[in-house]
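Architecture at a glance
What follows is each chain in one-letter form.
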Amino acid sequence: MLASRESNCIVPEPFGAGLGGPPAGRENLRRSAGVGMSTSPKRRSRRATTLTPEPLYRLGTAFWGSGVLFAAHRLSIFEALEARPRTASEVAGVCGLTLPGAEKLLTACAALGLVAGDEAGRYRNSPVAKTFLVRGKPAYQGHLLAYFADLWSRFGELEHLLKTGEIGPREAAFALARPDDERRAAERAWVLAMHEIAVGGQAEALCRAIDLSDCARLLDVSGGSGSYALHFAEQYPGLVAEVLDLPEVIAVAEELIRQSVVGARVRARAGDFLNADYGSGYDVVLLSGVLHGLGERHILRVLKKAYAALNPGGRVIVQELTPDAPSPAAAQFAALFSLNMMSGAAYSAERIALWLNQSGFLRIAMTPLDQAWWFDHVISGRKP
Ligand SMILES: C[S@@+](CC[C@H](N)C(=O)[O-])C[C@H]1O[C@@H](n2cnc3c(N)ncnc32)[C@H](O)[C@@H]1O
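Residues numbered from 1 in each chain as written. Predicted model: local features only at pLDDT ≥ 70, side-chain atom pairs only at ≥ 80, totals over all residues.

Some thoughts on the overall build of the protein
Operational definition: Secondary structure elements follow DSSP: runs of H or I no shorter than four residues count as helices, runs of E no shorter than two count as strands, and numbering proceeds from the N terminus. Once C-beta atoms are placed from the backbone, each residue is buried if 20 or more other C-beta atoms lie within 10 Å of its own, exposed if 12 or fewer, and partly exposed for counts between those two. The contact criterion used here is simple: two residues whose C-beta atoms, placed from the backbone, lie within 7 Å are in contact.
Secondary structure summary: the protein contains 18 helices and twelve strands in total. For the protein, the residues scored as buried account for 35% of the 384 residues in total. Considering only contacts in the protein between residues 6 or more positions apart, those separated by 24 or more positions represent 64%.

Next comes the structure, spelled out in structure tokens:
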């Protein structure tokens, strides 16, 4: 499981470390031992540190590591090494690479901490690769990686999006040229990526932050894969949950619900969150990762519908990524994620709390999720 953004990081530091204000700036001052002749402690301390461009090199080449990870994943390197440790020559044979290609890729994967080599020239998966990168493993994160890889051109031509509010020409051309079956597979992978975020630690973090022991009915609006509804149903044997989302997403959620031991208590239904009848009699309405994609008018509309669907005393629970994330790495993630969004924003927890209040909710609470990788806050309120 992902314990926190930092603890699972293979690259030694968050990529922006050393660029910021005073504390991070100090980290960026490297001791230049042996430079200068002065023996005076005062003079030495003035000369002893040098601002280096290293953080920029790290930041500027961060995509190289992403490229290696995506290629190794797509080439099934981690499955090949999971069967048994293999030499570069064996990996080349199994994964269809040239020998120099396999040697370079394995060397790069070893440098990134994804695999480890031994003296006999064999490579094996690192614990992270073994747990999260092998297809079929319960904590597999490969669909999420495919989603990250799908954002490659978006970030590659970010200036176009920032100037026009539209995706850039390369991404548009790629989307147009993508065959229908590949597009459908990418959409399905996106829903599975949401599932992987949930099982990668987010659902556990949310369940730790929220006590639903007094709830009998939950509605998960735009519930995606349904993984949070399923997780809550596992935690609370008396809970019945419903997942509302668009038809193509619901089709994938239904697959996951069928596979779950608590699937009999979780129902999925297709509907548009702006216009669908949410129903009534719910004790809790969950809005996980929904508001950041919307503008204020639509947010208030969704919250009003959630309010109407709840019993008196019922709760709305918003799980979101925010700029006030509890750790610098989480805040950095939210800031960078927001850049590629076509609409909405990573709103502050206070702003979401105000919207809840404006929609009639009282007893509003803002809870940071310290242990979560993706969404960093829960904002909840009660219907009086
Ligand atoms: C970022 S995802 C979050 C999914 C899920 N709640 C989670 O946290 O994993 C946003 C969800 O909103 C859904 N969505 C987008 N537009 C919608 C609409 N008009 N009606 C219902 N759901 C919609 C998407 O299909 C997607 O599942």
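Comments concerning the sheet that holds strand β3 (residues 86-87)
Short version of the rule: When DSSP finds at least two bridges between two strands, those strands are taken to pair. Axis lines are fitted to C-alpha atoms, over the contacting stretch for helices. Their N-to-C directions set the angle, which ranges from 0 to 180 degrees.
A sheet is described by the order of its strands in space; here three strands give the open sequence β3-β5-β4, paired in antiparallel fashion. Looking along the sheet, the strands with just one partner apiece sit at the ends: β3 and β4 (115-117). When β3 meets strand β5 (residues 122-125), the two strands line up antiparallel, connected through two bridges. Looking at β5, one finds that R86 is bridged to Y123. Helix-sheet contacts for helix α7 (residues 99-111) involve β4 and β5, and the interaxial angle to β4 is about 110 degrees.

Examining the sheet that holds strand β8 (residues 266-270)
Within the open sheet, the seven strands sit side by side as β8-β7-β6-β9-β10-β12-β11. Their pairing is mixed. Only two strands of the sheet have a single neighbouring strand rather than two, namely β8 and β11 (362-368). Averaged over neighbouring strand pairs, the angle between their axes works out to 15 degrees when direction is ignored. Relative to strand β12 (residues 377-382), β11 runs antiparallel, the two being bridged by five bridges.

Notes on helix α16 (residues 296-309)
The condition that has to hold: Expected span, for any helix, means 1.5 Å times one less than how many residues it has. This arc describes the spread of directions from the helix axis toward the C-beta atoms.
An ideal rise of 1.5 Å per residue puts 20 Å on 14 residues; α16 measures up with 20 Å between its terminal C-alpha atoms. When α16 is considered as a whole, its buried residues turn out to be I299, V302, L303, A306 and A309. Relative to the axis of α16, the buried residues are bounded by an arc of 120 degrees and lie together on one face. Packing partners of the buried residues in α16 comprise β6 (217-221), β9 (282-288), β10 (310-320) and α18 (349-358).

Notes on the site of the ligand
The test is simple: Think of it this way: take the backbone, place a C-beta atom on it, and check whether that atom is within 6 Å of the molecule or strand, in which case the residue is near it. Just so you know the grouping, Ala, Val, Leu, Ile, Met, Phe, Trp, Tyr, Cys and Pro go in nonpolar, Asp, Glu, Lys and Arg go in charged, and all remaining residues, Gly too, go in polar.
In the vicinity of the ligand, 16 residues are found, and the nearest of them are M194, S222, G224, S288 and G289. Tallied by class, residues from the shell around the ligand come to seven nonpolar, seven polar and two charged.

Overview of the environment of R170
Mapping R170 onto the fold places it in helix α12 (residues 169-177). Judged by the 14 C-beta atoms lying within 10 Å of it, R170 is partly exposed. Linking R170 and E157, residues 13 residues apart in sequence, is a C-alpha distance of 7.9 Å. Non-local contacts of R170, meaning those with residues more than four positions away in its chain, are made with S153, G156 and E157.

Side note on the packing of helix α4 (residues 62-74) against α7
Applied cut-off: Any angle that is under 35 degrees is reported as roughly parallel, and any over 145 degrees as roughly antiparallel; angles of 65 to 115 degrees are reported as roughly perpendicular and all others as oblique. Put simply, a crossing is left-handed when the front helix is turned counterclockwise from the back one by less than a right angle, and right-handed when it is turned clockwise.
Between α4 and α7, the least distance of the axes is 10 Å, while the angle of their chain directions is 120 degrees. The orientation of α4 relative to α7 falls into the category oblique. Taken as a pair, α4 and α7 cross one another with a handedness that is left-handed. Each of V68, A71 and A72 in α4 lies in contact with α7, whose residues at this interface are L105, A108 and C109. The class makeup of the residues in the contact of α4 with α7 is six nonpolar, no polar and no charged.

Some points on the confidence of the model for the protein
Caution applies to low-pLDDT parts of the model: their predicted coordinates are not meant to be read in detail. Note the following rule: pLDDT gives the predictor's per-residue confidence on a scale running from 0 to 100.
Taken residue by residue, the protein gives an average pLDDT of 89. The fraction at 70 or more is 88%. Across residues 1-39 the pLDDT falls below 50, and counting only partners more than four positions away or on other chains, this stretch makes 62 contacts in the model.

Let's talk about unusual backbone geometry
The phi torsion at S222 lies on the positive side, around 55 degrees, for a residue other than glycine. Structurally, the position occupied by S222 is in the loop between β6 and α14 (227-235). The exposure class assigned to S222 is buried, which follows from the 21 C-beta atoms found within 10 Å. We note that R363 has phi near 50 degrees; this positive angle belongs to a residue other than glycine. Position of R363 relative to the elements: it lies in strand β11.

Quick notes on the environment of V261
Mapped onto the secondary structure, V261 falls in the loop between α15 (247-259) and β8. Assessed through the 9 C-beta atoms surrounding it within 10 Å, V261 is described here as exposed. Along the chain, V261 and E234 lie 27 residues apart, while their C-alpha atoms are 8.3 Å from each other.

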